[in-house]
Amino acid sequence: MPLDPQVEAMRAEREANQVPQLYTQTLAEARAADLASIQAAGGDVEPVHQVEDLATDGGVPLRVYRPDLAGALPTLIYFFGGGWTLGSIETADGISRKLANAVPCQVITVGYRLAPEHPFPAAVHDCHDATQWIAANADKLQADPARLVVGGDSAGGNLAAATTLLARDNGPALTGQLLVYPNTRYGAATISMQKGDDPYLFNNTSVDWYWKHYLTDQADGLNPLASPLLAESHADLPPALVITAEYDPLRDEGEYYAEKLHAAGVPTTLSRYDGMVHGFFAMSGILDGGKKATAEAAAWLAEIFRDG
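Here the structure is a predicted model, which is why all the values come from computation and not from measurement.

Chemist: Explain the pairing of strand β4 (residues 106-110) here, please?
Modeler: Along any regular strand the residues' side chains alternate between the sheet's two faces. Taking burial as the measure, the 5 residues of β4 include 5 buried ones, the bulk of the element. Of the two faces of β4, the one carrying Gln 106, Ile 108 and Val 110 and the one carrying Val 107 and Thr 109 are both buried. Two elements, strand β2 (residues 61-66) and β4, share 4 bridges in a ladder whose sense is antiparallel. Across the sheet, residue Leu 62 finds its bridge partner in β4, namely Val 110. Two elements, strand β3 (residues 73-79) and β4, share 5 bridges in a ladder whose sense is parallel. By the bridge assignment, Phe 79 is partnered in β4 with Val 110.

Chemist: How do you make sense of the packing of helix α4 (residues 122-136) against helix α6 (residues 155-170) when you look at a structure like this?
Modeler: For any two helices packed against each other, the geometry comes down to the angle between their axes and how far apart the axes lie. At a closest axis distance of 9 Å, the pairing of α4 and α6 adopts a crossing angle of 55°. As summarised for this structure, α4 and α6 are arranged oblique, according to the angle between their axes. For the pair α4 and α6, the crossing hand works out as right-handed. Contacts between α4 and α6 pair Ala 123, Val 124, His 125, Cys 127, His 128, Thr 131 and Gln 132 from the former with Leu 159, Ala 162, Thr 163, Leu 166, Ala 167 and Asn 170 from the latter. Residue composition of the contact of α4 with α6, grouped by class: 7 nonpolar, 6 polar and no charged.

Chemist: What should I look at first to understand the pairing of strand β7 (residues 240-247) in this one?
Modeler: Where burial is concerned, most of β7 is hidden: 7 out of the 8 residues are buried. Bridge count between strand β6 (residues 176-180) and β7: 4 bridges; the pairing is parallel. Residue pairing for β7: Val 180 is matched across the bridge by Ile 243. By the bridge criterion, 7 bridges tie β7 to strand β8 (residues 268-277) in an arrangement that is parallel. By the bridge assignment, Thr 244 is partnered in β8 with Arg 272. Between β7 and its parallel partner β8, the chain crosses via helix α9 (residues 251-263), and the hand of that crossover is right-handed.

Chemist: Is there a simple way to think about the environment of Ala 173 in this case?
Modeler: Here Ala 173 is to be found in the loop between α6 and β6. In this structure the C-alpha to C-alpha distance between Ala 173 and Ala 282, which are 109 residues apart in sequence, comes to 28 Å.

Chemist: What is the right way to read the side chain of His 234 from this model?
Modeler: Looking at where His 234 falls in the secondary structure, it is placed in the loop between α8 (204-214) and β7. On the basis of relative accessibility, which here comes to 5%, the residue His 234 falls in the buried class. In terms of polar contacts, His 234 uses its side chain to reach the backbone carbonyl oxygen of Pro 228, at 2.8 Å. In this structure, His 234 is in contact with Arg 168, Pro 228, Leu 229, Tyr 257, Lys 260, Leu 261, Ala 264 and Val 266, ignoring residues within four places of it in sequence.

The rules we used
All residue numbers refer to positions counted from 1 along the written sequence of the respective chain. Side-chain atom pairs in this predicted model are given and counted only at pLDDT of 80 or more, local residue features only at pLDDT of at least 70, and totals for whole chains, interfaces and linings cover all residues. The side-chain quantities take in all heavy atoms of the structure and omit both hydrogens and water. For every residue, the accessible area obtained with a 1.4 Å probe (protein chains only) is divided by the maximum for its type, and the residue is called buried under 20%, exposed over 50%, and partly exposed between those limits. Segments assigned H or I by DSSP are reported as helices when at least four residues long, segments assigned E as strands when at least two residues long, and all are numbered from the N terminus. Pairing between two strands is assigned when DSSP locates at least 2 bridges connecting them. Angles run from 0 to 180 degrees between N-to-C directions of axes, and those axes are lines fitted to C-alpha atoms, restricted for helices to the stretch in contact. Each angle is binned into one of four classes, with values under 35 degrees roughly parallel, values over 145 roughly antiparallel, values of 65 to 115 roughly perpendicular, and all other values oblique. Handedness of a helix crossing follows the sense of rotation of the near helix relative to the far helix, less than a right angle counterclockwise being left-handed and clockwise being right-handed. Pairs of residues are marked as contacts when any of their non-hydrogen atoms sit within 4.5 Å. Side-chain classes follow a simple rule in which Ala, Val, Leu, Ile, Met, Phe, Trp, Tyr, Cys and Pro form the nonpolar group, Asp, Glu, Lys and Arg form the charged group, and the remainder, Gly included, forms the polar group. A crossover gets the label right-handed when its path from the first strand over the helix to the second runs clockwise, viewed with the strands pointing away from the viewer. For this analysis, a polar contact is any N or O atom pair within 3.5 Å, provided that within protein one partner can donate a hydrogen and the other can accept it, and provided that sequence-adjacent residues contribute only side-chain to side-chain pairs.

So, in structure tokens, the structure goes:
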């Protein structure tokens, strides 16, 4: 189908204002512009019962969002997007607040290190280390260690998938994985990647720019912790919800990953949003598709936590 009318209007505004692509800017400019764009498109900031900033014993920053619930809380450990190069805990603030209220559940956002200052595999190990620390400190965090889900959007989805691979062998036990338009394969030559060349939307040049910052050696792209699609086995991973967007260069590799999980016996729900583009999950303030996807993620999480 064609671009969603709301997406088309957003794209037209970008073209009219000649908004520069992030990959044409310095890192500092791109990081500031990325955050400003997400905050502008995210809608009203929802109040949450309690928000707390802390850090793991290893120094990884965390932000904890707690709804007004008693007892040990089901917990989503969330990794922000930004191509491993942009983004921060602030980037995922709107998403975290919405999910904490809608599920309801505790959401803990992980402030992993960014490339190129800290290239692969620093972010993966930060995310897995933080996940292990959260499980080990469940009592302190009011978390239910039997109901832990990892999730993220874009590069955050990639990190969530990689974290499940590490957790399968090294713990902790995870209840689910929420993967929103994840990168799953370095150098993917898919149809969606080949067609994803729109100069006013996230495109295949964007993808290449992020990978070049993340990897110091192209050979690292074949490591399953960088490209989870290449893992030898996807068996015994936690149930997954994979959300993709029709007009996203990453669409096909996200959907291939869902197919891999399903083939390995992992309960998997694949949900493609027609007419949507990369980043729409964080744009619920201007895109109805973003609101719908957030509601779907919340409903899936509620079911996973209830059954877990």
